[in-house]
Amino acid sequence: MRVSIDKSSIKGEVFAPSSKSYTHRAITLAALSKESIVRRPLISADTLATIRASELFGALIERMEDKLIIHGNNGKPKVPDDVINAANSGTTLRFMTAVAALTEGTTVLTGDASLRTRPNGPLLEALNKLGVKACSTRGNERAPLVVKGGIKGQEVSIDGTISSQFISALLIICPLAENSTTLSIKGQLKSRPYIDITLEMLELAGAKIHTDESNGIRFIIPGKQKYDLKDYIVPGDFSSASYLLAAAAMVGESEVTVKNLFPSRQGDEVIIETLRQMGADIVWDKEAGNVTVRGGRKLKAITFDAGATPDLVPTIAVLAAVAEGTSRIENAEHVRYKETDRLRALATELPKLGVDLKEERDSLTITGGKLKGAQVHGWDDHRIVMALTLAGMVAGNTTIDTTESVSISYPDFFKDMRGLGARIKDISEE
Ligand SMILES: O=C(O)C1=C[C@@H](OP(=O)(O)O)[C@@H](O)[C@H](O)C1
Ligand SMILES: C=C(OP(=O)(O)O)C(=O)O
């Protein structure tokens, strides 16, 4: 799909879509419990991949209006009778590779062309130390992966510099192993808030995990536990909301309230403080869960450390592109291991819109200025497409391709933006 975008201001109220990260965890843990309800799940291409995988591991999932009723496998996933296809979802691939370690047989996992380029080495290595046989069919740590179950708890360490999903994946399965596990993190841990989300969800499901941060980070995980997620309501997604909030801040005459944004452990909440630091007029009513942004103020450059919040990088990059002065997005090397190498994607597309940008291994330096309309490529990456849409709303006269990729995390993105008055047209047929 291709869209054209004209200069647009946006006005009105919109309900933030449900959190992708919480939805993945809720489904995965419910599938490992007996009977649970997951209310307000995000239904998107990525979470559908987690639903399908959980079904292959023996859960029965009833999809009703705004809730899932999940009859789980009670911690004993069955050997899947088909290949697990995680499609475009890194979270699904990493979580399900770990779940496969709990089965008494062999599982094959794969994904689309993008997912098959993404690294899994630290997870495979840790699983092998835990008594599982896990490898890439190509011997290069990329999917397709083959996992032969048989996890035994023990001491294991894992690299934290590439993806927190490896650690979340092990935290999800180790409580169900026969013996206790001690999991230590090596290197500077990235994307920490996602581990906190995992720990929060595990605690809700009744798991006991002790975190020891006295000398590095260590998780002490007793084995032989059981999960019971019971009845869980998924909160709103701050990463998805970041596009709405940033759009309102970037274009004058805008006034938008995004609802369903209550405080949670999502690191991407920091988008609110970042917009404030950049000079935006933004108010968060935490009790009501409403964030209101009024456009029209000149934004100022910032330095943004992306270590904990990689998914905000495309949003911050387009904000920097219109801000006064030179911004730096630092500590961002892990952003290269997503659906695309997002630093490369931004460094390729933003200059087409007239942006002055310098790319280094782990940073982007962006000097804000006037944007000009252009034909840009969305890289089949939902976050690149959504971020470029905001730039298009400022520049006008812009087209973006591969826009169907918004279905990964925010299927109603264009509908919501149009509902707020954005001038976006589907030109796939033209
Ligand atoms: O666990 C999660 O839900 C996620 C963790 C992050 O990945 P990394 O830990 O690989 O940075 C994030 O980028 C991704 O969108 C969702
Ligand atoms: C990187 C992302 O997700 P995943 O790792 O699950 O593919 C994302 O949503 O930006």
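Owing to the predicted nature of the structure, the values given are computational and were not obtained by experimental measurement.

K.L.:
Any chance you could explain the side chain of Ser163 here in plain terms?
P.N.:
Take Ser163: it is sitting in the loop between β10 (155-159) and α5 (165-173). Within the structure, Ser163 has its side chain in polar contact with the backbone nitrogen of Gln165 (distance 3.0 Å).

K.L.:
Just to check I follow, could you spell out the UniProt feature "binding site: 3-phosphoshikimate" (unreviewed entry) in the protein for this structure?
P.N.:
Residues given the UniProt feature "binding site: 3-phosphoshikimate" (unreviewed entry) here are Lys20, Ser21, Arg25, Ser163, Ser164, Gln165, Ser191, Asp311 and Lys338. One can find Arg25 in helix α1 (residues 20-31). Residue classification places Arg25 among the buried positions, given a relative accessible area of 3%. Leaving out residues up to four positions away in the same chain, Arg25 has contacts with Phe95, Ser168, Tyr194, Ile197, Thr198 and Met201. Residues contacting Gln165, with those up to four places away along its chain left out, are Gly90, Thr91, Arg94 and Phe95.

K.L.:
How should the domain arrangement of the protein be read in this particular structure?
P.N.:
Think of interface size as the accessible area that goes away when the parts come together; that is how it is often given. Looking at the assigned domains, one finds that the protein contains domain 1 (3-17 + 236-426) and domain 2 (20-233). Taking the mean C-alpha position of each, domain 1 and domain 2 sit 29 Å from one another. Every contact between the two is made by 25 residues of domain 1 and, on the other side, 23 residues of domain 2. Counting every contact that joins domain 1 to domain 2 gives 2 salt bridges. One salt bridge connects Glu200 with Arg265, and the closest N-O pair in it is separated by 3.9 Å. Taken together, the connections running from domain 1 to domain 2 amount to 10 residue pairs in polar contact (both at pLDDT 80 or more). Taken together, the residues that form the side of domain 1 that touches domain 2 break down as 7 nonpolar, 11 polar and 7 charged.

K.L.:
Even after reading the chapter, I still don't get the sheet that holds strand β5 (residues 67-71), so can you show me in this structure?
P.N.:
Backbone hydrogen bonds hold the strands of a sheet together, and the pairing may be parallel or antiparallel. With mixed pairing, 4 strands are arranged side by side in an open sheet as β4-β5-β3-β14. Where the open sheet ends on each side, the last strands, each with one partner, are β4 (60-64) and β14 (231-233). Across the sheet, the mean angle separating the axes of adjacent strands is 15 degrees when strand polarity is ignored. One ladder, built from 3 bridges, connects strand β3 (residues 35-39) with β14; its direction is parallel. By the bridge assignment, Ile37 is partnered in β14 with Asp231. Set on the sheet, α1 makes contact with β3, β4, β5 and β14; between it and β5 the angle comes to about 30 degrees.

K.L.:
Sorry, what's going on with α1 here?
P.N.:
The periodicity of an α-helix, 3.6 residues per turn, causes residues three or four positions apart to be oriented the same way. With 12 residues, α1 should cover 16 Å at 1.5 Å per step; its first-to-last C-alpha distance of 17 Å lies within 8% of that length. Of all 12 residues making up α1, 12 are buried, and the element is well covered by its neighbours. Among all positions in α1, only Lys20, Ser21, Tyr22, Thr23, His24, Arg25, Ala26, Ile27, Thr28, Leu29, Ala30 and Ala31 are buried. Capping of α1 at its N-terminal end is provided by Ser19; its side-chain oxygen lies 3.3 Å from the backbone amide nitrogen of Ser21.

K.L.:
Looking at this model, I keep getting lost on the site of ligand 1. Mind explaining?
P.N.:
Around ligand 1, the neighbouring residues are Lys20, Ser21, Arg25, Thr91, Ser163, Ser164, Gln165, Ser191, Tyr194, Pro310, Asp311 and Lys338. At 2.5 Å, a side-chain N or O of Asp311 approaches an oxygen atom of ligand 1. Here the shell around ligand 1 takes 3 residues from α1, the largest share from any one element. Taken together, the residues of the shell around ligand 1 sort by class into 2 nonpolar, 6 polar and 4 charged. Two domains each provide a minimum of three residues to the shell around ligand 1, namely domain 1 (3-17 + 236-426) and domain 2 (20-233).

K.L.:
Any chance you could explain the packing of helix α8 (residues 270-277) against helix α9 (residues 313-322) here in plain terms?
P.N.:
How two helices sit against one another is set out by the angle between their axes and by the gap between those axes. With their axes 12 Å apart at the nearest point, α8 and α9 run at an angle of 10 degrees to one another. It follows from the interaxial angle that α8 and α9 lie roughly parallel. Contacts from Ile271, Thr274 and Leu275 in α8 reach Thr315, Ile316 and Leu319 in α9. Class assignment for the residues of the contact of α8 with α9 results in 4 nonpolar, 2 polar and no charged.

K.L.:
What exactly am I supposed to notice about the site of ligand 2 here?
P.N.:
Near ligand 2 lie 13 residues; those nearest to it are Lys20, Gly90, Thr91, Arg118 and Arg383. Between ligand 2 and the protein, one listed contact pairs an oxygen atom with a side-chain N or O atom of Thr91 at 2.5 Å. The side chain of Arg342 places a nitrogen or oxygen atom 2.9 Å from an oxygen atom of ligand 2. Here ligand 2, which alone exposes 300 Å², has 98% of that area covered by the protein. Sorting the residues of the shell around ligand 2 by element identifies α3 (90-100) and α11 (382-395) as the ones contributing at least two each. Here the residues of the shell around ligand 2 sort into no nonpolar, 6 polar and 7 charged.

Analysis parameters
Residues numbered from 1 in each chain as written. Chains lettered and ligands numbered in written order. Predicted model: local features only at pLDDT ≥ 70, side-chain atom pairs only at ≥ 80, totals over all residues. Heavy atoms only, no water. Helix = DSSP H or I, 4+ residues; strand = E, 2+ residues; numbered from the N terminus. Polar contact = N/O pair within 3.5 Å; in protein donor to acceptor, adjacent residues only side chain to side chain. UniProt positions renumbered as here; feature names shortened; annotations may be inferred. Buried < 20%, exposed > 50% of the residue type's maximum accessible area, 1.4 Å probe, protein only. Contact = heavy atoms within 4.5 Å. Domains from an automatic or database assignment. Salt bridge = Lys/Arg side-chain N within 4 Å of Asp/Glu carboxyl O. Nonpolar A, V, L, I, M, F, W, Y, C, P; charged D, E, K, R; others polar. Pairing = 2+ DSSP bridges. Axes fitted to C-alpha atoms, helices over the stretch in contact; angles between N-to-C directions. Expected span 1.5 Å × (residues − 1). Near = heavy atom within 4 Å. Parallel < 35°, antiparallel > 145°, perpendicular 65-115°, else oblique. Areas by Shrake-Rupley, 256 points an atom, 1.4 Å probe, with all protein chains shown as cover.

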